[in-house]
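Structural overview
One letter stands for each residue in the lines below.
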Amino acid sequence: MRIIVTGGAGDLGSRVVRELTARGHQAVPVSRRTGVDLTTGDGLDAALSGADAVVHCADDTSRGDTVTVYGTRRLADAAADRGVHLVHISIVGIDDHPMAYYRRKLRAEQGIEAAGGPATVLRATQFHSLAAFFARTLSTGPITVTIGDTAFQPVDTDFVAGRLADLASGARPTAYARATDVAGPDVLTVGELATLLRAHRGASAPRVVRLPAIGGVLRAFAERRNVPFPGDAQTGGPTFAAWLSTQPDRLSGR
Ligand SMILES: NC(=O)c1ccc[n+]([C@@H]2O[C@H](COP(=O)([O-])OP(=O)(O)OC[C@H]3O[C@@H](n4cnc5c(N)ncnc54)[C@H](OP(=O)(O)O)[C@@H]3O)[C@@H](O)[C@H]2O)c1
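Residues numbered from 1 in each chain as written. Predicted model: local features only at pLDDT ≥ 70, side-chain atom pairs only at ≥ 80, totals over all residues. Heavy atoms only, no water.

**A short note on the site of the ligand**
- Surrounding the ligand, one finds 26 residues, the nearest of these being Ser31, Arg32, Arg33, Tyr101 and Phe127.
- Between the ligand and the protein, one listed contact pairs an oxygen atom with a backbone N or O atom of leucine 12 at 2.8 Å.
- Between the ligand and lysine 105, the relevant distance is 2.8 Å, taken from an oxygen atom to a side-chain nitrogen or oxygen of the residue.
- Within the complex, 84% of the 920 Å² of free accessible area of the ligand lies under protein.
- Applying the majority rule of atoms within 2 Å of the grid points places the ligand in the largest pocket.
- Counting residues per element, the ones that place at least two in the shell around the ligand are α1 (11-22), β4 (85-91) and α4 (100-115).
- Ranked by residue count, the leading element in the shell around the ligand is β4, at three residues.
- A class-by-class count of the residues in the shell around the ligand yields 13 nonpolar, seven polar and six charged. (Near = heavy atom within 4 Å. Polar contact = N/O pair within 3.5 Å; in protein donor to acceptor, adjacent residues only side chain to side chain. Areas by Shrake-Rupley, 256 points an atom, 1.4 Å probe, with all protein chains shown as cover. 1 Å grid on protein atoms, 1.4 Å probe; cavity = no way out; pocket = protein on both sides within 12 Å on 5 of 7 lines; lining within 4 Å. Sits in = over half its atoms within 2 Å of the grid points. Helix = DSSP H or I, 4+ residues; strand = E, 2+ residues; numbered from the N terminus. Nonpolar A, V, L, I, M, F, W, Y, C, P; charged D, E, K, R; others polar.)

So, in structure tokens, the structure goes:
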């Protein structure tokens, strides 16, 4: 199958391209570096022509609604016009979450549904690298701050890429559909994440200082709205600890 991957040079998109290629499909990465800009629609028609499916991994969290909401809608309209199956990556727990980016991701899903074409939305929990970033951000030296009961059920990015490849190469839905959410194998508190991160570089367990959640966003995380109810999500891929064992001693970026 000929499958277009938006954001195909990004973290998730490049793994989707690799996975599809390994399965014998013609995976075509597209983004601004290949002349496809979702904010203008430039290059979109040509990219979608002759495609069986498009996996949408492009995003830019620094541009507000521009790419996340409007760029996604532009892509969804173009795919719907051509009957191309759109497979979209979204985030677990965004239905009732006040974080601005999560609200945008929800509007992106609504835009895809409104476009009316065959589409599948896959929601994933935070990737291991992002959970590690959050835990590092909440740590200073041997002290880790946790807001209430905040926890993550982080998932391996390659596992998510594999599910997106399954969906894009599988049966095309007739309309908008949600796939079963995906998550990693275990739920870890911020303290547990920080303990694993420090152990990874040979340091002792941190002192965890628990603070109350102030404000809607922190309360939503403290209430674990980002963690699926047990049994609601398909779980798989390596644990956070197993993923960490493949990483350099000092992590950087997300
Ligand atoms: N990280 C997580 O924990 C997590 C969890 C669940 C879901 N997700 C979702 O996963 C998706 C991908 O995340 P990621 O971390 O892989 O992203 P990423 O590495 O930042 O890659 C995003 C790609 O989008 C492309 N892009 C940006 N603006 C564009 C535009 N105007 N037109 C066309 N392409 C554009 C960029 O390529 P160019 O610069 O070449 O344009 C870039 O390679 C996001 O939708 C995110 O919400 C992430």
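**Focus on the packing of aromatic side chains**
- Counted according to the given criterion, the structure contains seven aromatic pairs.
- Between phenylalanine 152 and phenylalanine 221 the ring centres are 6.2 Å apart and the planes differ by 45°, which places this aromatic pair in the tilted class. Taken together, the positions of phenylalanine 152 in strand β8 (residues 151-152) and phenylalanine 221 in helix α8 (residues 216-222) put the pair 69 residues apart, joining distant regions of the chain.
- By way of ring pairs, the aromatic residues Tyr101, Tyr102, Phe133, Phe134, Phe152 and Phe221 are connected into one cluster. (Phe/Tyr/Trp six-rings, centres within 6.5 Å; stacked < 30°, edge-to-face > 60°.)

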